[in-house]
Amino acid sequence: MSDIISVGIIFLSALAHAFLQLGLGSLLLLYHASLNKHVSKKTKTLVSSFISGVGMIVLLGIAAACYALYSIFGDNNLPIELLAALIGIVFSVAIIMWTIYYHRGKTTELWIPKAVAKFISSRAEVTNSNTEAFSLGLLAAFAEFPLSFALILIAANSVLELNYTVRNIALVGYVFIVLLPLIITRLCIRKGKTIVDIQRWREANKTFLRIISGLLFVVLGVFLIAYRIIGVPL
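Here's what I pulled together on the structure shown here. This is a predicted model, so every value here is computed, not measured.

This part covers the overall build of the protein chain. Along the protein chain, the regular secondary structure elements total 10 helices and 0 strands. Helices and strands appear in the protein chain in the N-to-C order α-α-α-α-α-α-α-α-α-α. Buried positions account for 44% of the 234 residues belonging to the protein chain. When contacts within the protein chain are restricted to residue pairs at least 6 apart in sequence, long-range pairs at least 24 apart make up 82% of them. As displayed, the protein chain has an accessible area near 12,100 Å², and 69% of this comes from carbon and sulfur atoms.

Summarising the element assignment, Arg228 is placed in helix H10 (residues 206-230). Residue contacts for Arg228: discarding those within four places in its chain leaves Ser2, Ile5, Ser6, Ile9, Ile80, Leu83, Glu161 and Phe223.

What follows covers the pattern of salt bridges. Inspection of every chain in the model, using the stated rule, returns 1 salt bridge. Between Glu161 and Arg228 there is a salt bridge, with the nearest N and O atoms lying 2.6 Å from each other. Residue Glu161 is located in helix H7 (residues 145-161), and its partner Arg228 is located in helix H10; the two are separated by 67 residues in the primary sequence. Neither Glu161 nor Arg228 differs from the other in exposure class; each is buried.

Right, let's get into the packing of aromatic side chains. Summed over the entire model, instances satisfying the criterion amount to 2 aromatic pairs. Arranged with centres 4.7 Å apart and planes meeting at 50°, the rings of Phe223 and Tyr227 form a pair that is tilted. Of this pair, Phe223 and Tyr227 both sit in helix H10, 4 residues apart, which is roughly one turn of that helix. Residue Phe223 is classed as partly exposed on the basis of its relative accessible area, which comes to 21%. For Tyr227, a relative accessible area of 21% gives the class partly exposed. The ring of Tyr164 has Arg167 sitting right over it, with the charged end atom 4.2 Å from the ring centre.

With that settled, the discussion passes to the packing of helix H1 (residues 2-18) against helix H8 (residues 164-190). For any two helices packed against each other, one specifies the inter-axial angle together with the distance between the axes. For the pair H1 and H8, the least separation of the axes is 8 Å and the interaxial angle reads 30°. Considered as vectors, H1 and H8 are oriented roughly parallel to each other. The element H1 and its partner H8 pack so that their crossing is right-handed. Only Ala170, Tyr174, Ile177, Val178 and Pro181 of H8 make contact with H1, whose side of the interface consists of Ile10, Phe11, Ser13, Ala14, Leu15, His17 and Ala18. Class assignment for the residues of the contact of H1 with H8 results in 10 nonpolar, 2 polar and no charged.

By secondary structure assignment, the location of His17 is in helix H1. Assessed through its relative accessible area of 2%, His17 is described here as buried. Not counting chain neighbours up to four residues away, the residues in contact with His17 comprise Val58, Glu144, Ser148, Leu151, Ile152, Tyr174 and Val178.

Core analysis: the biggest nonpolar cluster contains 66 residues, and Phe50, Val58, Ile62, Tyr174, Leu182, Phe217 and Leu220 have the highest contact counts within it. Top element by residues in this core is helix H3 (residues 40-73). It accounts for 11 residues. Every residue in contact with Phe50, bar those within four places of it in the chain, is listed here: Gly23, Ser26, Leu27, Leu30, Ala133, Phe134, Leu136, Gly137, Ala140 and Leu182.

Running from N to C, helix H4 (residues 80-99) and H10 cross one another at 165°; their axes reach a closest spacing of 8 Å. Taken together, the axes of H4 and H10 are roughly antiparallel relative to one another. H10 is crossed by H4, and the crossing has left-handed handedness. Considering only residue class, the contact of H4 with H10 consists of 18 nonpolar, 3 polar and 2 charged.

Attention shifts here to H1. If you check H1, its first and last C-alpha atoms are 24 Å apart, about what 17 residues at 1.5 Å a residue would give, namely 24 Å. What H1 keeps buried is the set Ile5, Ser6, Gly8, Ile9, Ile10, Leu12, Ser13, Ala14, Ala16, His17 and Ala18.

Note on placement: Ala155 falls in helix H7. The buried category is assigned to Ala155, whose relative accessible area is 0%. Along the backbone, Ala155 and Gly8 are 147 residues apart, and their C-alpha atoms lie at a distance of 9.6 Å. Among residues more than four places away in sequence, those in contact with Ala155 are Ile10, Ser13, Ile62 and Tyr174.

Thresholds, definitions, all that
- Residues numbered from 1 in each chain as written.
- Predicted model: local features only at pLDDT ≥ 70, side-chain atom pairs only at ≥ 80, totals over all residues.
- Heavy atoms only, no water.
- Helix = DSSP H or I, 4+ residues; strand = E, 2+ residues; numbered from the N terminus.
- Buried < 20%, exposed > 50% of the residue type's maximum accessible area, 1.4 Å probe, protein only.
- Contact = heavy atoms within 4.5 Å.
- Areas by Shrake-Rupley, 256 points an atom, 1.4 Å probe, with all protein chains shown as cover.
- Salt bridge = Lys/Arg side-chain N within 4 Å of Asp/Glu carboxyl O.
- Phe/Tyr/Trp six-rings, centres within 6.5 Å; stacked < 30°, edge-to-face > 60°.
- Lys NZ or Arg CZ within 6 Å of the ring centre and 35° of its normal.
- Axes fitted to C-alpha atoms, helices over the stretch in contact; angles between N-to-C directions.
- Parallel < 35°, antiparallel > 145°, perpendicular 65-115°, else oblique.
- Left-handed = near helix turned anticlockwise from the far one by under 90°.
- Nonpolar A, V, L, I, M, F, W, Y, C, P; charged D, E, K, R; others polar.
- Core = buried A, V, L, I, M, F, W, Y, C linked by side-chain atoms within 4.5 Å.
- Expected span 1.5 Å × (residues − 1).

This is the structure we're talking about:
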């Protein structure tokens, strides 16, 4: 039963992480810039490199978190005080998602430092090699760390609670769920959808995305309170 709770926490953390929009926005910028340069044959490899970069930084982040937690606490769970602080951060991020994460209006522009947004946009426009696309993926995922940091720590703590034989599966599963929006977007474009179609969908469903993304953080926080703070039996 304890493993079921741990897997549930990892799943909810990964799902909340997947609904952060900076990686998807950067991917669409890369698609737009590449197609404008009439290098559609090369676009596939650039997109693959970008997604690999995002996956790499997420995997390294959660692996590093696992190593740090194990070095500090061993096989013990996070202290209640630290877990409570992380839950507080999760609820705070939910409020951010509902209020200031998206700019007002029809735009899907995100509330991130202008310097970061400008740099990512400019790099997407000039990206012309797999190395640059991979680096852009690293940057996009790293720029989300202020919002995903608590999720990664919470998931890493739950990974360490699992049996040794399934820890690697849990790590890969977390990364895969985070990458799902990027993978789905790529598949949609391969099936004939355009960047304009996807962007219009994002704009039309911005309210839904804002609500569901914040709600996922809240559900994770409540789940942690119920099964890790209070200790409700499953």
